[in-house]
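Each chain, letter by letter, is given below.
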Amino acid sequence: MRTQFSRVSVIGLGYIGLPTAAVIAARGVRVTGVDVNADVVEVINRGGIHIVEPELDLIVHAAVSTNMLRATTRPESAGAFLIAVPTPFKEGHEPDLSYIRAAADAIAPVLEKGNLVVLESTSPVGTTEKLARWLADARPDLSFPHEVGEEADVNIAYCPERVLPGYVVKELVENDRVIGGITARCAERARDLYQIFVEGECILTDSRTAELCKLTENAFRDVNIAFANELSFICDRLGIDVWELIRLANRHPRVNILNPGPGVGGHCIAVDPWFIVSSAQKEARLIRTAREVNDAKPDYVVQQVLQAAGGKNSPSVACLGLAFKANIDDLRESPAVTVVSRIAKSIDGRILVVEPHVETLPRSLAECPTVEYVDMDTALEQADVVVLLVDHDEFKELDLACLCGKVVIDTRGIWR
Ligand SMILES: NC(=O)c1ccc[n+]([C@@H]2O[C@H](COP(=O)([O-])OP(=O)(O)OC[C@H]3O[C@@H](n4cnc5c(N)ncnc54)[C@H](O)[C@@H]3O)[C@@H](O)[C@H]2O)c1
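None of these values were measured; they are calculated from a predicted model.

**Some points on the nonpolar core**
Right, so step 1: Of all hydrophobic cores here, the largest spans 42 residues; its most connected members are Ile44, Leu69, Leu193 and Tyr194.
Right, so step 2: Of all the elements, helix H1 (residues 17-26) adds the most residues to this core, at six residues.
Right, so step 3: Residue contacts for Leu193: discarding those within four places in its chain leaves Phe5, Val8, Ala80, Leu82, Leu116 and Val118.
Right, so step 4: Counting residues in hydrophobic clusters, the runner-up holds 31 residues, among them Phe324, Ile328, Leu365 and Val387.

As structure tokens, then:
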């Protein structure tokens, strides 16, 4: 493929960076992947992957074995740098930009005139401009777009990722991309980069609008899930089946209520709305309340379990699923993990955890003496109470006869 970028460097080789690096390499552009985790670098350089994502193993293996993708712990010079490092929040739900800062410090020494730097990490409004300032402070010999506009030596843009875990390889290529430049030229150069592999439309805007666009998409989901979760509280209070209620209400041609669950997890929806709240405290009232409603759900599920287990001496509780959503291995911010750990703190019986997508318990649960990682047959044979926390296909296919005689709490409504 002919492109102005003879080499692209992707900083952060996780769920977003690694597939992006591999897809660019698959289009015939040399990619240097950079990650601070030496184990990740080693696995990738062996042609392997360290996360679960369909098809990713094949494209990473192909890219590494043809020398189009190589991983390293230290940035090297490249035509374009694409930053996909974590952006968690700190105490008080304030955004933690330290990973982006560290990535900026790491690439600054190798930046050259003519480079493009694109931030992909989900970020509060104004972060791309901050990135430009950090790079400018580190490299006074180069000019940057926030100082000199279109004449800058280095172009800087923001392009958020909106892929669905489990479908990342397909969606990276097919989804439309919103690209925000600090200047128009920054956005245009970033579009040239994304057009190497994106078949969806690349829509240009400024960096602040692109930053808020990503946060808005996830806040929209969060608010709508909070509505469904609030309905589940209301229905329990009024003795109504929330799943039937939603099914009936959704027969209205302009109503589309989402599903309640045990809470909202993951790296994105449970985190990003706080980035809006933190930058517009007074205005973001609905967005904050939605976060609070969704964050209250795990405790509500724990109370249901305690009530169900109440009459039994040292009850065994089977918890099915730990991931934050169906059919993936990602446990980050997972409400299922929160529920399991809080049940373990509240009852003295055994907690039998089944999670077909991981091989061991996460550290936070492995440290609880009553929590055991077991297979499905063991859990269902030995449990008094069964709590369904994730709608993995394996659980949907379960023969419901195995639940006979047990108290069942189905937080996803799959066994109705
Ligand atoms: N996972 C998703 O589905 C998803 C979707 C949309 C947006 N995002 C956003 O993309 C960003 C990355 O998310 P992710 O899921 O890929 O995270 P991740 O934790 O899977 O991967 C991040 C990687 O960056 C590495 N890293 C951390 N600091 C670094 C540094 N200074 N230099 C080089 N590498 C560094 C880590 O070792 C890790 O391998 C986040 O801002 C996230 O909110 C994620």
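Having seen the model, we can carry on.
**Considerations on the sheet that holds strand E11 (residues 371-373)**
Right, so step 1: Taken in spatial order, the five strands line up as E11-E10-E9-E12-E13 in an open sheet, and their pairing is parallel. Looking along the sheet, the strands with just one partner apiece sit at the ends: E11 and strand E13 (407-410). For this sheet, the mean angle separating the axes of adjacent strands, direction not counted, is 20°.
Right, so step 2: Sitting on the sheet, helix H13 (residues 335-346) is in contact with strand E9 (317-320), strand E10 (351-354) and E11, with an inclination near 165° to E10.

**With respect to the environment of Arg139**
Right, so step 1: Relative to the elements of secondary structure, Arg139 occurs in the loop between helix H5 (127-138) and helix H6 (145-148).
Right, so step 2: Considered as a pair, Arg139 and Val223 are 84 residues apart in the sequence and their alpha carbons are 42 Å apart.
Right, so step 3: At a separation of 2.9 Å, a polar atom in the side chain of Arg139 contacts the main-chain carbonyl oxygen of Leu111.

**Some details on the domain arrangement of the protein**
Right, so step 1: According to the domain assignment, the protein consists of domain 1 (7-200) and domain 2 (217-410).
Right, so step 2: Spacing between the C-alpha centres of domain 1 and domain 2 amounts to 33 Å.
Right, so step 3: Contacts between domain 1 and domain 2 engage 17 residues on the former and 15 residues on the latter.
Right, so step 4: With both chains or domains summed, domain 1 and domain 2 bury close to 1,400 Å², and 60% of this area falls on carbon and sulfur atoms.

Analysis parameters
Numbers given to residues run from 1 along each chain, matching the order in which its sequence is written. Predicted model: local features are reported for residues with pLDDT of at least 70 only, side-chain atom pairs are reported and counted for 80 or more only, and whole-chain, interface and lining totals are derived from all residues. Derived side-chain values reflect all non-hydrogen atoms in the structure, with water molecules and hydrogen atoms excluded from consideration. Only buried residues count toward a nonpolar core, which is a set of Ala, Val, Leu, Ile, Met, Phe, Trp, Tyr and Cys residues joined through side-chain atoms within 4.5 Å. Summary of the burial criterion: residues with accessible area below 20% of their type's maximum are buried, those above 50% are exposed, and those between are partly exposed, where the area comes from a 1.4 Å probe applied to protein chains only. By definition, any uninterrupted DSSP run of H or I lasting at least four residues is a helix, any uninterrupted run of E lasting at least two residues is a strand, and each is numbered from the N terminus. Whether two residues are in contact is decided by their heavy atoms: any pair within 4.5 Å suffices. By definition, two strands form a pair when at least two bridges between them are found by DSSP. Think of each axis as a best-fit line through the C-alpha atoms, taken over the contacting stretch in the case of a helix, with angles from 0 to 180 degrees between the N-to-C directions. A 3.5 Å cut-off defines polar contacts: any pair of N or O atoms within that distance qualifies, except that in protein one atom must be a possible hydrogen donor and the other a possible acceptor, and neighbouring residues in sequence count only when both atoms are side-chain atoms. The split of the chain into domains comes from an automatic or database domain assignment. Buried area adds together the accessible area that both of two parts lose upon being put together, with accessible area traced by a 1.4 Å probe.

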